[in-house]
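Geometric and topological summary
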Amino acid sequence: MTKTSTPTAAAYLGELTERIGKLLEQNGEAIAGAADAIEKTARADGLVYIFGTGHSHTMAEEAHYRAGGLALTVPILAGTTMVHEGAVAGTVFERMPGIVAPILARYPIGSNDVLIIVSNSGVNAAPVEAARIGKDAGATVIAITSEGYSKLAAKGRTRLADVADIVLDNNAPAGDAITAVPNSELRVGPISTPVGAALMNAVLAEVAARLQSSGVAAPIYLSANMPGAAEVNEALVARYRPRNPHL
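This text gives an overview of the structure that appears in the document. (Residues numbered from 1 in each chain as written. Predicted model: local features only at pLDDT ≥ 70, side-chain atom pairs only at ≥ 80, totals over all residues. Heavy atoms only, no water.)

1. Some words on the overall build of the protein
Secondary structure assignment for the protein yields 10 helices and seven strands. At 18 Å, the protein has a C-alpha radius of gyration in line with the 18 Å of a compact globule built from 247 residues. Across the 247 residues of the protein, 47% fall into the buried class. Considering only contacts within the protein whose residues lie at least 6 apart along the sequence, 74% involve residues at least 24 apart. Separation of charge centres in the protein, based on 19 positive and 23 negative side chains, amounts to 2 Å. (Helix = DSSP H or I, 4+ residues; strand = E, 2+ residues; numbered from the N terminus. Rg over C-alpha atoms; globule rule 2.2 N^0.38 Å. Buried < 20%, exposed > 50% of the residue type's maximum accessible area, 1.4 Å probe, protein only. Contact = heavy atoms within 4.5 Å. Lys, Arg positive; Asp, Glu negative; His and termini not counted. Charge placed at Lys NZ, Arg CZ, Asp CG, Glu CD.)

Laid out in structure tokens, this is it:
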């Protein structure tokens, strides 16, 4: 490694880059399967709902109204399971059986839709129950999770990966953080968010390219500062706002 005045930052970025570089090799079949499912949903004018609790909820916001992103994505957001209204309480709520059903009831998930559920540990009640609700509704359920971490954390419990139709493995270690802190046994530098975002955006990019290549206009938002963005985005918002409560 090149000598630097920021060795820990360099170690984290190097490890993160290496992990992202291996995603296609490790998840190629799952990426293709996820792209197939979302392409089918797009052609049926369905929606891609995205749900996560705690920091995993940021993945839903990552895809929502995103420049270069697909307008058919709908975030599932509820303050009780996020971090901005009370992170400590949210950690309790995401483990509480029954809490996710009234949250998902706001979103009419159906058989033409895809439900992406993000959970690094993959064992808390909310994401596992959300996956079951999605499957009962006939949606294709895609998990973004750590297979290794969830197996360690399960201790006999059902994992998100056990319920989902397709599993994108972020390969995060137990505890998420990857970089050693000198003179301690501590680790910093969580990876589940950047790696998960890379996996999700890779799938959505593949879908957009497939649609456009086949002559179907991909519903892609433009950055507000790009030429023609206002007209394109206004049309997409008008199309999806009736079905997306967060537009």
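2. Regarding the pattern of salt bridges
Evaluation of the coordinates by the stated rule reveals 12 salt bridges. One salt bridge in this structure joins E15 and R19, with 2.9 Å as the shortest N-O distance. Remark: R19 and E15 occur in helix 1 (residues 7-21); sequence separation between them is four residues, near one turn of the helix. Residue E15 is classed as partly exposed on the basis of its relative accessible area, which comes to 26%. Overall, R19 belongs to the partly exposed group, its relative accessible area being 21%. Where R239 meets D45, a salt bridge forms, and the shortest distance between an N and an O atom there is 3.2 Å. Note that R239 is positioned in helix 10 (residues 229-240) and D45 in the loop between helix 2 (23-43) and strand 1 (48-52), a separation of 194 residues in sequence. (Salt bridge = Lys/Arg side-chain N within 4 Å of Asp/Glu carboxyl O.)

3. A few points about the packing of aromatic side chains
All chains considered together, the criterion is met by two aromatic pairs. Ring centres 6.2 Å apart and planes at 75° place the aromatic pair Y49 and Y107 in the edge-to-face group. Here Y49 is found in strand 1, whereas its partner Y107 is found in the loop between helix 5 (100-104) and strand 3 (114-118), with 58 residues between them in sequence. (Phe/Tyr/Trp six-rings, centres within 6.5 Å; stacked < 30°, edge-to-face > 60°.)

4. Looking at the nonpolar core
Judged by nonpolar contacts, the single largest core of 69 residues is most densely connected at I38, I76 and I116. A total of nine residues in this core trace back to one element, the largest contributor, which is helix 9 (residues 192-213). With sequence-adjacent residues up to four places away left out, I38 is seen in contact with V48, V114, I116, I142, V203, L204 and V207. (Core = buried A, V, L, I, M, F, W, Y, C linked by side-chain atoms within 4.5 Å.)

5. A word on empty space enclosed by the protein
Evaluation of the coordinates by the stated rule reveals two cavities of 30 Å³ or more. What the largest cavity holds in volume is close to 70 Å³. Lining the largest cavity are H55, S56, T58, M59, V118, S119, N120, I144, N170, S192 and T193. Those elements that provide at least two residues to the lining of the largest cavity are helix 3 (58-63) and helix 9. Class assignment for the residues of the lining of the largest cavity results in three nonpolar, eight polar and no charged. As a volume, the second largest cavity reaches approximately 40 Å³. Lining the second largest cavity we find A34, I38, I116, I142, I144, L168, M200 and V203. Residue composition of the lining of the second largest cavity, grouped by class: eight nonpolar, no polar and no charged. (1 Å grid on protein atoms, 1.4 Å probe; cavity = no way out; pocket = protein on both sides within 12 Å on 5 of 7 lines; lining within 4 Å. Points joined across faces, edges and corners; volume = space filled by probe spheres on them. Nonpolar A, V, L, I, M, F, W, Y, C, P; charged D, E, K, R; others polar.)

6. Re unusual backbone geometry
Positive phi, normally seen in glycine, also occurs at K155, with a value near 50°. Given a relative accessible area of 77%, K155 falls into the exposed group.

7. Notes on the side chain of T145
Note that T145 resides in strand 4 (residues 140-145). For T145, a relative accessible area of 0% corresponds to the buried category. At 2.6 Å, the side chain of T145 forms a polar contact with the backbone oxygen of S119. Filtering out sequence-adjacent residues up to four positions away, T145 remains in contact with S119, N120, S121, G122, S150, L160, A161, V167, L168, D169, N170 and N171. (Polar contact = N/O pair within 3.5 Å; in protein donor to acceptor, adjacent residues only side chain to side chain.)

8. Considerations on the packing of helix 2 against helix 9
Close contact between helix 2 and helix 9 brings their axes to 8 Å; oriented N to C, the two are set at 50°. Taken together, helix 2 and helix 9 sit at an angle that is classed as oblique. Where helix 2 crosses over helix 9, the handedness of that crossing is right-handed. Across the interface between the two elements, L23, N27, I31, A32, A34, A35, D36, I38, E39, A42 and R43 of helix 2 pack against V195, A198, L199, V203, L204, E206, V207, R210 and L211 of helix 9. In the contact of helix 2 with helix 9, the residues fall into 14 nonpolar, one polar and five charged. (Axes fitted to C-alpha atoms, helices over the stretch in contact; angles between N-to-C directions. Parallel < 35°, antiparallel > 145°, perpendicular 65-115°, else oblique. Left-handed = near helix turned anticlockwise from the far one by under 90°.)

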